[in-house]
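Listed below, chain by chain, are the residues.
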Amino acid sequence: MEIVVNGVYLGAQYALIALGLTLIFGLMNVLNFAHGQMFVLGGFVTYGVTERLFSGLHFPLAIAFFLGVIAAALVLMVVGGLFERLFFRTVINRSARDESTMLLAAGTAFLLDSVILILFGQQQKGMPDGQKLIDGVFSWGSVLIAYDRILVAGISFIMIVGFILYMQWSRTGRAMRALAQDKMAARLMGVNVDFYTMLGFAFGAALAGIVGGLLFSVTGINSGLGDPTSIKAFTMVMLGGAGVVSGAIMGGFILGMLESVLLSLLPLIGLGDLTHFIIFASLMVFLAIRPQGLMGKPWG
Amino acid sequence: MLNRKNFMKGLSVSAFALSFGLLSMSAAANAADKVLNVGFVGVTSGPAAAWGTSNVRSMQTRADWLNEKGGVKIGADTYKVNIVTFDDKKDPKLAVAGFEKMASQGVRYVVGPNTDEGAIPAYDVAMKRGIVYFPYAFAKQLYTKPNAPAYLAMIANYQSGPTIYKWLQANKGVKKVAFVAANDADPISQRDSGVAAAKSVGLEVVDGKSTYKSGTTDFNPILSPVIKKNPDLLVLSGVAPAAAPLLLKSARELGYKGIISTETAQNADELKSAGSAANGFISLGGASTPELASADMKEFVKRYTKKFGVYDDESNTKVYALEYIIGVLQANPKAVDNVDEFKKTAETFSMKNPYIKGNMPMTFVGKGYFGQKNQIFVPMVVNQYENGSFKTLFVGKVD
């Protein structure tokens, strides 16, 4: 049971991370290699704001933290929007080759890594004095889960549902979905393609920043987390089907559950070292059989 | 016979002679500003950055201090000390590149690398290119080969482990121990040494196989099965400073009440991010211990803090490697350009320890572990973290 609880907790984070990546891919056919770095930047912005408000201005911790997460969302939205407007749009308009955006995305990952190191340094950062949003551990039979994890998982679920509803029912969401399906047709129907593309990239980056902020409250943040996070995000997106929202969510939960199950069970038979090997080997086999992922379209 | 042609030839010869004279004068002037380049190759970015950063800062602080006093007198010459650094990012290929760079710049003495992964591949470059280096890495093959160019610069976990476990056995009633390590060469190696050490002092090892992937941030799924085996002591083998707060937080959150320790150096500033969960954490530290610290050590700490704004406790032991390099060169000036002379002199070298009150001379040690003296003596101080800073638990000695 504890395995399932941990799997759901991990899955919610992963799903939210993957949503941002798949949104950007769906809109622009761009693989945003800097997604993990955006997650890290979100964590650090949350840290900076929380620390300043709580330790400096003596705001209550919960209020300081949530303002920090909002700040992270706004900062990443601006960063994402600027990246799309200044870098990606320029490259896409000038280059006939799709691979150019891959190089650009890798370059932005290095750029963000360097900026993060310069601004925030190398050290692990946590909540002020290691405090928690909510103290205590929920205990039920052999299940132990800290209340702050329950809170973070709950917020993640709410955000996933909110994202789905927004994409389904809002004017902006409809415009983005039209864009993802057929850019030319969307343009002909009067959709401001450039504006909604930038907005989509900004939303994707904001989602990464928000998760970075939420997870900061549980596991802290350090500048080395960018690449591991990007790798996991890509794993989920490929598993679920690139560019498909429901695929990203499913991929996130599957990866979360797999990790939780394997990390808990394999050590019992002396194979703890093999957890991630098994996950990635399984992924390779799966993609060989079904390259488009669980919910992806065969034509890509 | 003087004509235009002969005159011009004479003039050019004179000009050449004059130029040579100026060059000679310039060369003579340079002799007063000799530079001793000492290198550092190690990790200054990533989760283990605290290890390499404290090395660089220690060396720079000490070098500045020596240069302020006019430099270091070695034989008939006086040298300014210059620290040349290279970040190997804990990548073996970069460590090799770092050593090649040092060799190409004429640097013969290198502090670091901080891990086996860097120190092992650097061995061949050091041998071929005439470098002596001071790894913070525990792999015994670095130190056991004849004429080895590597000198262990800190206490290895297979030296400190037995001492710590015995102390905990005697003073805290520890009987059962579990080990958790990152799935990397160094932590796994330290875990295996730790398991052997624990068994050798009669402890029951209830879990010696649990691992996590580098970069892991959520340790609950990993620690939960370990903690259910009820160890009295949980050893975080080879844990990187950035990962320690997360592991501590997870362990306490899961209800673990026992002792948690490691044999790597830790960083008090980073441990703060775990809050009270880090209290009681045992690790190897430096010798700013009041009972040990000399006036020079206090001066070093003061200068370091002023220069960098914070103090890394383990810098107390990180400063020693540079001191040994300079001390041996002073004892045998021929070693400046010839590392074979260094190795020869290291056999019998001894000098007063400027950093410690009382009599603990700086000498080369390690015969009991490596069959030869390929280790520098540094004090073994075992620390316990408490509310933001390290306290000395005890000062041990290597058996």
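Shown above is the structure to which this text applies.
On a predicted model such as this, the values are computed, not experimentally measured, just so you know. (Residues numbered from 1 in each chain as written. Chains lettered and ligands numbered in written order. Predicted model: local features only at pLDDT ≥ 70, side-chain atom pairs only at ≥ 80, totals over all residues. Heavy atoms only, no water.)

Q: I would appreciate a short explanation of the overall build of chain A in the present structure.
A: Each helix and strand in chain A was counted, giving 11 helices and 2 strands. Tracing chain A from N to C terminus, the helices and strands come up as α-α-α-α-β-β-α-α-α-α-α-α-α. For 300 residues, the compact-globule estimate of 2.2 N^0.38 gives 19 Å, and chain A sits close to it at 19 Å. Per-residue burial for chain A yields a buried fraction of 53% across its 300 residues. (Helix = DSSP H or I, 4+ residues; strand = E, 2+ residues; numbered from the N terminus. Rg over C-alpha atoms; globule rule 2.2 N^0.38 Å. Buried < 20%, exposed > 50% of the residue type's maximum accessible area, 1.4 Å probe, protein only.)

Q: Explain the nonpolar core here, please?
A: Most often, soluble globular proteins have nonpolar side chains that are buried together. Counting 95 residues, the largest nonpolar core has Y133, Y165 and F342 of chain B as the members making the most contacts within it. No other element matches the 8 residues that helix α13 (residues 320–331) of chain B contributes to this core. Apart from the residues lying within four places of it in its own chain, the contact partners of Y165 of chain B are F179, G194, A197, A198, V201, L203, L233, V235 and E263 of chain B. Counting 81 residues, the second largest nonpolar core, distinct from the first, contains L19, I116, M127 and V218 of chain A. (Core = buried A, V, L, I, M, F, W, Y, C linked by side-chain atoms within 4.5 Å. Contact = heavy atoms within 4.5 Å.)

Q: Just checking my understanding: could you explain the side chain of T163 of chain B for this structure?
A: All names here are of chain B. Structurally, T163 can be placed in helix α6 (residues 157–172). T163 gets classed as buried once you look at its relative accessible area, which sits at 13%. Discounting residues that sit within four places of it in the chain, T163 has contacts with M380, F394, G396 and K397.

Q: Just to check I follow, could you spell out the packing of helix α3 (residues 61–94) of chain A against helix α8 (residues 193–219) of chain A for this structure?
A: Helix-helix packing: each pair is described by the crossing angle between the helix axes and the interaxial distance. Contact geometry for α3 of chain A and α8 of chain A: axes closest at 7 Å, N-to-C directions at 145°. Where α3 of chain A crosses over α8 of chain A, the two elements pack in a sense that is right-handed. (Axes fitted to C-alpha atoms, helices over the stretch in contact; angles between N-to-C directions. Left-handed = near helix turned anticlockwise from the far one by under 90°.)

Q: So what exactly am I meant to see when it comes to the interface of chain A and chain B here?
A: Accessible area lost upon the coming together of the parts serves often as the stated size of an interface. At the junction of the two partners, chain A supplies 31 residues and chain B supplies 34 residues. Summed over the shared surface of chain A and chain B, the number is 3 salt bridges. Close ionic contact of R149 of chain A with E253 of chain B constitutes a salt bridge, the shortest N to O distance being 3.0 Å. Where chain A meets chain B, there are 5 residue pairs in polar contact (both at pLDDT 80 or more). Among the secondary structure elements, those contributing two or more residues to the side of chain A that touches chain B are α1 (2–28), β2 (143–146), α5 (147–169), α8 and α10 (245–265) of chain A. If you tally residues by element for the side of chain A that touches chain B, the top one is α1 of chain A, at 4 residues. (Salt bridge = Lys/Arg side-chain N within 4 Å of Asp/Glu carboxyl O. Polar contact = N/O pair within 3.5 Å; in protein donor to acceptor, adjacent residues only side chain to side chain.)

Q: What is the right way to read the packing of aromatic side chains from this model?
A: The description of an aromatic ring pair rests on the distance of the ring centres and on the angle between the ring planes. Residues and elements named next belong to chain B. The tally for this structure, following the rule as stated, stands at 32 aromatic pairs over all chains. With centroids separated by 5.0 Å and ring planes inclined at 40°, the aromatic side chains of Y109 and F342 adopt a geometry described as tilted. Residue Y109 is found in strand β4 (residues 109–111), and its partner F342 is found in helix α14 (residues 339–346); the two are separated by 233 residues along the sequence. Residue F342 is classed as buried on the basis of its relative accessible area, which comes to 0%. On the numbers, 6.3 Å between centres and 80° between planes, the contact of Y165 with F179 is edge-to-face. Taken together, the residues span a long stretch of sequence, with Y165 in helix α6 and F179 in strand β6 (residues 176–182) at a distance of 14 residues. The residues Y165 and F179 share a single accessibility class, namely buried. An aromatic cluster of three or more residues is present, and its members are Y109, F134, Y151, Y324, F342, F349 and F364. (Phe/Tyr/Trp six-rings, centres within 6.5 Å; stacked < 30°, edge-to-face > 60°.)

Q: Can you walk me through the pairing of β6 of chain B in this structure?
A: Every regular strand shows the same layout, with side chains that alternate between the two sheet faces. Counting buried positions along β6 of chain B gives 6 out of 7 residues, so the element sits mostly inside the fold. Viewed along the sheet, the connection from β6 of chain B through helix α7 (residues 185–200) of chain B into strand β7 (residues 204–212) of chain B turns out right-handed. (Right-handed = clockwise from strand over helix to strand, strands pointing away.)

Q: How should α10 of chain A be read in this particular structure?
A: Quick reminder: α-helices carry 3.6 residues per turn. Residues three or four places apart thus point the same way. With 21 residues, α10 of chain A extends 30 Å from end C-alpha to end C-alpha; this agrees with the ideal 30 Å at 1.5 Å per step. Every buried residue of α10 of chain A is listed here: G247, A248, I249, G251, G252, L255, G256, E259, S260, L262, L263 and S264 of chain A. On its buried face, α10 of chain A sits against α1, α5, α9 (226–240) and α11 (275–289) of chain A together with α8 (220–227) of chain B. (Expected span 1.5 Å × (residues − 1).)

Q: How should I be thinking about the pattern of salt bridges in this particular structure?
A: Close approach of charged atoms lets side chains of opposite charge pair. On inspection of all chains with the given rule, the structure shows 20 salt bridges over all chains. When the shortest N-O distance is used, the salt bridge between E100 of chain B and R129 of chain B registers 2.7 Å. Note that E100 of chain B is positioned in helix α3 (residues 92–104) and R129 of chain B in helix α4 (residues 116–129), a separation of 29 residues in sequence. Judged by its relative accessible area of 33%, E100 of chain B falls in the partly exposed class. Bridged by salt links that share partners, the residues K132, D148 and R149 of chain A together with D218 and E253 of chain B form one connected network.

Q: Help me understand the sheet that holds β6 of chain B in this model?
A: Strand pairing in a sheet is mediated by backbone hydrogen bonds. Such pairs are either parallel or antiparallel. Residue and element names in this part refer to chain B. Reading across from one edge, β7-β6-β8-β9-β10-β14-β15 is the order of the 7 strands in this open sheet, with mixed pairing throughout. The sheet is open, and its two edges are formed by β7 and β15 (389–396), each paired on a single side. Adjacent strand axes in the sheet meet at a mean angle of 25° when their direction is disregarded. Bridge analysis of β6 against strand β8 (residues 233–237) gives 5 bridges, and the strand direction is parallel. Residue pairing for β8: A181 is matched across the bridge by S237. Running at roughly 170° to β6, α7 makes contact with β6, β7, β8 and β9 (259–265) of the sheet. (Pairing = 2+ DSSP bridges.)

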